[in-house]
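A closer look at the structure
Read off the chains here:
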There are 2 protein chains.
Amino acid sequence: MTEQTQDIQQEHQKFIEDLGDWQRSHTCGQLTLADDTAEVCLMGWVQYRRDHGGLIFVDLRDRDGLTQVVFSPDIAPAAHENAHILRSEYVLAVKGKVRPRPEGMVNSTMVTGEIEVVAYEWKLLNTSKTPPFPIEDRCDAGENLRLAWRYLDLRRPRMQENLRLRHKVAQTIRRYLDEGGFVEVETPVLTKSTPEGARDFLVPSRLNPGEFYALPQSPQLFKQMLMVSGLDRYFQIVRCFRDEDLRADRQPEFTQVDIEMSFVDEEKVMSMAEGLMARVFKEVMGRELSLPFPRMRWDEAMERYGVDKPDTRFGLELKDITEIVRGSGFKLFAQARLVKGMKVPGGESLTRKEIDAFTEFVKIYGAQGLAWIKIKADEWQSPIAKFLSDEERKGIAEALDLQVGDIVFFQAGEPDMVNAALGNLRVHLAGQLKLIPENSFNFLWVTDFPLYEYDQEEKRFVACHHPFTSPASGHLELMSSDPAKARARAYDMVLNGNEVGGGSIRIHSGDVQRRMFEALGFTPEQAEAQFGFLIQALEQGAPPHGGLAFGLDRLVMLLAGASSIRDVIAFPKTQKATCLLTEAPAPVAAKQLRELGLRLREQPAKEGEAKQGGGVAQA
Amino acid sequence: MTEQTQDIQQEHQKFIEDLGDWQRSHTCGQLTLADDTAEVCLMGWVQYRRDHGGLIFVDLRDRDGLTQVVFSPDIAPAAHENAHILRSEYVLAVKGKVRPRPEGMVNSTMVTGEIEVVAYEWKLLNTSKTPPFPIEDRCDAGENLRLAWRYLDLRRPRMQENLRLRHKVAQTIRRYLDEGGFVEVETPVLTKSTPEGARDFLVPSRLNPGEFYALPQSPQLFKQMLMVSGLDRYFQIVRCFRDEDLRADRQPEFTQVDIEMSFVDEEKVMSMAEGLMARVFKEVMGRELSLPFPRMRWDEAMERYGVDKPDTRFGLELKDITEIVRGSGFKLFAQARLVKGMKVPGGESLTRKEIDAFTEFVKIYGAQGLAWIKIKADEWQSPIAKFLSDEERKGIAEALDLQVGDIVFFQAGEPDMVNAALGNLRVHLAGQLKLIPENSFNFLWVTDFPLYEYDQEEKRFVACHHPFTSPASGHLELMSSDPAKARARAYDMVLNGNEVGGGSIRIHSGDVQRRMFEALGFTPEQAEAQFGFLIQALEQGAPPHGGLAFGLDRLVMLLAGASSIRDVIAFPKTQKATCLLTEAPAPVAAKQLRELGLRLREQPAKEGEAKQGGGVAQA
């Protein structure tokens, strides 16, 4: 803002008046020809002012829309007199009369486009400095600027719609669950740090020096306690916290729709969840979902898609060719534990440069490179084709149903890497090649997850879902005898390749819970110290129970068609977990730390650089 | 629990079965004679088992009620065979047939009292150790025991009802506000520490070493930002945090119904709030409230009741007799800045012991003692009567409208002490003497609060409400010239002597906000450093706005007729801010502190004594 405009805004302060007893009669998105000659009072923000033919026109904006206000020296000279001071984003209250717009000025794209309000009287309620970016949906301001001035960013109609959509989704969920006999119960935010999850945020206790609360990663144990208490059907839309290094589109605090039910099996939980989703789609999006959702075992998802949350809106499935190339002269294939191929129909036209970019992409997932073959009419064009025997070629061609014009990408090595590299490349490619149909919502349940996964770092098995998940029927012995084979009564709801919800049937026996902790490498004493109250509760008449949780941020993002969860969170944090608006976190007074019995390990190097702190992930 | 009962429960484990494909057909509170001969499947907890005349009877309990199940060797011998193992709190699934109870066994006090279910088949879903207290409303277990075994405490019907009532209140509030165009927006829990409030809970930031988030005491600034963003009508049912030394009935985390509106004055906010309360009372309590609520200026409340949240369900008003005793021979009265009397009609029969107890009571509020006079037919019986002249007696008798049989209590000294001592004695006395009508709900608005109060410790004025509260019309100059006289556009909603809600019209001008910080003793630099983003936002087209917040815990407590907010919170904390169930807070691993760049000032003295930690306030 220039000095001059600042001076003008300062000068205009003297025009500011109190609201007094003025009362708004309509919003700026309501008036139509049906209101012709009505006397109205509108309040809002000046979107534009333009002076034309001796008249002054102002588009007045509130969250509902825009209404054209006209100040006329003939009709109301006093109202016209000072209207020239009005600037964009000034706050205005105006009383006037509705009339049809003159011919040629009708705007049929707006609800209020056929009328205007002739101002008889107005009050300037506030001025505004010139905003650092225009208040419009088509705003190319960088995200850091938008976050630092979030209250202006949120003035944009698109962001207002996102907040209202989020509200509507939450209300619809609450209504559905309330009707189903679910009781919303608030669980503590100041709770106990437990291992076996992500890193906790800690809160030092002043009244208990040296001790800490943890912010909950989920209310898992509390909702299980509520089932032991006989509450039967619980839900909560609840804030959860994870102190992770923030990858891509994550937030340190996020919102879950947390649900738990007693005396149920998987089928009951899943059909309740499907009904919830159908209700949300119907009420919020006006769309009918077809129920039940398709289901896929985890094994099959990994086999066909390489990931446990397949996007089924498009093909490009992976094919296992390990056996076909088992004795190949191409050592990389012959010696690999897993070799998979993914065919891109018509992908023969991909350029070397594009293929190089895909090669870089798969390196994120630990791949060394990316083998490929283009199927030409007369040859297989490829750096690796020459290593493959005729029989191997035949086998690959059959397995992948190759046609002239296709390209195949290959990955060979450890199964985790092969699946991750090709599975993620699949989604990446589909986006780049525009293979994903717009405006389609593909739901899928993924079931029969492994109970454990091996943690290479800790050299032990850890729970795949969480350590309260029940093993599959008959898999109790596998927990100790062959953990890798044990399956869990867990299920994830996947929408367009995003995990939007997940849950399980829980362990409700104290004995089984003890065996679970044992399988995870806990001594009985460690289990008792960390989870004693849970085991104790399970021995006091715990009913069979299970549930699931939805990630509200991601769900709303998908419904809003937004590209980041930050666009559906009012005040999100950056990738460095800072708030560019309030400059949190911040240093605190020495007295505050003293009261908490804490000392900093080293003085913070930085001072007052919070405003720059932390860029935003590109996701 | 004896060794023997533990052995039995252990022995019974072998009877436990999986739920399998059994599906509950009804709850335990549904079946009536209309269901005669229906085949049903119930699941729940064994309340009692009794064996009678060769039959085994079980009262099966779930959150909806109790149903009598009978195991008969004649009708279903297999079902009867092992039913003797059933113990209280075992979890049972039973299939059977509904039939009328035999004559003489009908229990008309229960919904299901006319029927019983004859068991054909059953499954033991879980055993239970003997609970440390019986699962009944009439439970005399100490509160610490109840909190340590909270999941059992919550099994009691009364506690289940409290949780469901709370849910219903919250749902009703959300529906009302949604219908009124309010949008629920979630604001951050990890935010910035600000001065001018209670003590913040802090959360160390790992990604920004040496810096801290604070947990919000309320979302005040965020909701104001949302008004600047044009959201117009905001609400949130939201957790808030205060690290206070917990007096009586307070919790470190509590829930607010937080509301804000743009383009409104006090009237709009208050009538919205009255409508909300009327809706809650109608839908939850089935009671019609009479609107609008009465209003009282703060001055009058202090004058007549000594407190700013008068309980108007009973009389016992205070009378100022300062002028009457100005020249009294009783120096204590003559020299006091304020002398007030409170008459208790018919209180002449209070014993010396009772009066002594009241004297102890007022000492909490800084009183040195408690003067009193009993009005006998022939004399004023009192230790102080002899110091009072006839004229003074006459003045007092007139001011307080004294009758034979009354007692009057007096307090003299600094106004704050006099009002606090007599005002609180008034409520205490009314409770003791059972002067408070049961089942009555008296609402009252208290308005025109002072803008500031003088903080003796800090030797400066601090905001009475908070520093974002607008001064009354025309009181802008008083903010600097005579702060003690400045009044605020603030209002509290009082219910039966409890502040259930409070709010204000906010400052929406950057200039006024700067003057407010100046009046509070901030330098411009301090104001900028702490609240720069607020002032900046107010200069970007902030609309006039205001709102209020309700304390949900206290409101639900009053609706439930509970005596403590802990009875309407699922997992409350003790007065030492500990959770006796999970044993939070707790020491954390050295690695966790290292990651946060923190050191403890001293090793905590206590070790593993959390279970005893912190008694519960008697409130």
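Residues numbered from 1 in each chain as written. Chains lettered and ligands numbered in written order. Predicted model: local features only at pLDDT ≥ 70, side-chain atom pairs only at ≥ 80, totals over all residues. Heavy atoms only, no water.

Observations regarding helix 12 (residues 415-432) of chain B
Residue and element names in this part refer to chain B.
- Compared with the 26 Å implied by 1.5 Å per residue over 18 residues, the 25 Å span of helix 12 between its first and last C-alpha is a close match.
- Looking at helix 12, one finds that the buried residues are Met-417, Val-418, Asn-419, Ala-421, Leu-422, Gly-423, Leu-425, Arg-426, Leu-429 and Ala-430.
- After helix 12 finishes, the residue Lys-434 shows a positive phi value of roughly 55 degrees. (Helix = DSSP H or I, 4+ residues; strand = E, 2+ residues; numbered from the N terminus. Expected span 1.5 Å × (residues − 1). Buried < 20%, exposed > 50% of the residue type's maximum accessible area, 1.4 Å probe, protein only.)

Observations regarding the UniProt feature "binding site: L-aspartate" (unreviewed entry) in chain A
All names here are of chain A.
- UniProt's feature table lists "binding site: L-aspartate" (unreviewed entry) at Glu-196, Arg-242, His-465 and Arg-506, given in the numbering used throughout.
- With respect to the helices and strands, Arg-506 occurs in the loop between strand 21 (498-505) and helix 14 (510-519).
- A residue is classified by how much of its surface remains accessible, and Arg-506, at 2% relative accessible area, is buried.
- Within the structure, Arg-506 has its side chain in polar contact with the side chain of Glu-260 (distance 2.7 Å). (UniProt positions renumbered as here; feature names shortened; annotations may be inferred. Polar contact = N/O pair within 3.5 Å; in protein donor to acceptor, adjacent residues only side chain to side chain.)

Points about the confidence of the model for chain A
All names here are of chain A.
- Chain-level statistics for chain A give a pLDDT mean of 93 and a share of 96% at 70 or above.
- Counting contacts from residues 604-619, a segment whose pLDDT is below 50, to residues more than four positions away or on other chains yields 36 contacts.
- Model confidence for the complex: the whole-complex pTM is 0.94, and ipTM, which rates the interface, is 0.94. (pLDDT = per-residue confidence, 0-100. Contact = heavy atoms within 4.5 Å.)

Brief notes about the UniProt feature "site: Important for tRNA non-discrimination" (unreviewed entry) in chain A
Residue and element names in this part refer to chain A.
- When the UniProt feature table is mapped onto this chain, "site: Important for tRNA non-discrimination" (unreviewed entry) is found at His-52 and Gly-104. For the residues just named, distributed over 53 residues, the greatest C-alpha separation is only 14.3 Å, placing them together at one site.
- On the secondary structure map, His-52 appears in strand 1 (residues 39-52).
- Overall, the relative accessible area of 57% leaves His-52 in the exposed class.
- Following the sequence through the fold, Gly-104 ends up in the loop between strand 4 (91-100) and strand 5 (115-126).

Let's talk about the sheet that holds strand 12 (residues 318-320) of chain B
Residue and element names in this part refer to chain B.
- An order of 12-13-16-14-15 is seen for the five strands of this open sheet, with the pairing classed as antiparallel. Either end of the sheet is taken by a strand with one partner, and the two such strands are strand 12 and strand 15 (380-381).
- In this structure, strand 14 (residues 371-375) lies alongside strand 16 (residues 407-413), joined through four bridges in antiparallel fashion. Looking at strand 16, one finds that Ala-371 is bridged to Phe-410.
- Most of the contacts of helix 10 (residues 352-363) go to strand 16, to which it runs at about 25 degrees, and overall it touches strand 14 and strand 16. (Pairing = 2+ DSSP bridges. Axes fitted to C-alpha atoms, helices over the stretch in contact; angles between N-to-C directions.)

What to know about the sheet that holds strand 20 (residues 490-495) of chain B
All names here are of chain B.
- Ordered in space as 6-9-10-22-21-20-17-11, the eight strands form an open sheet in which the pairing is mixed. The two strands at the open ends of the sheet, each matched to only one other strand, are strand 6 (183-184) and strand 11 (295-297).
- With nine bridges connecting them, strand 9 (residues 233-241) and strand 10 (residues 253-262) associate as antiparallel partners. Pairing of Tyr-234 across the sheet is with Glu-260, part of strand 10.
- The strands that helix 16 (residues 552-560) touches are strand 9, strand 10, strand 20, strand 21 (498-505) and strand 22 (545-551); relative to strand 22, the one it contacts most, it runs at about 50 degrees.

A closer look at the nonpolar core
- The biggest cluster of nonpolar side chains holds 133 residues, and the ones touching the most others in it are Leu215(A), Leu226(A), Leu215(B) and Leu226(B).
- With residues up to four places along the chain from it excluded, the contact list for Leu215(B) reads Leu190(A), Val203(A), Leu215(A), Val189(B), Leu190(B), Thr191(B), Asp200(B), Phe201(B), Val203(B) and Phe241(B). (Core = buried A, V, L, I, M, F, W, Y, C linked by side-chain atoms within 4.5 Å.)

Details of the packing of aromatic side chains
- Counted by the stated rule, this structure contains 40 aromatic pairs over all chains.
- A ring pair is formed by Tyr454(B) and Phe461(B), whose centres lie 5.1 Å apart and whose planes are at 75 degrees; its orientation type is edge-to-face.
- Since its relative accessible area comes to 22%, Phe461(B) is described here as partly exposed.
- Members of the aromatic cluster, connected to one another through ring pairs, are Phe281(A), Phe293(A), Phe441(A) and Phe443(A).
- Lying across the ring of Trp22(A), Lys95(A) places its NZ or CZ 4.4 Å from the centre.
- Positioned above the aromatic ring of Phe182(B) is the side chain of Arg233(B), whose terminal nitrogen or guanidinium carbon lies 5.7 Å from the ring centre. (Phe/Tyr/Trp six-rings, centres within 6.5 Å; stacked < 30°, edge-to-face > 60°. Lys NZ or Arg CZ within 6 Å of the ring centre and 35° of its normal.)

Observations regarding the relation of the copies chain B and chain A
- Rotating chain B by 180 degrees and moving it 0.0 Å along the rotation axis overlays it on chain A with an RMSD of 0.1 Å. Such a turn and shift between the copies fits a two-fold axis.
- Most of the interface of chain B is mirrored in chain A, where 99% of its interface residues are also at the interface. (Least-squares fit on C-alpha atoms with pLDDT ≥ 70 in both.)

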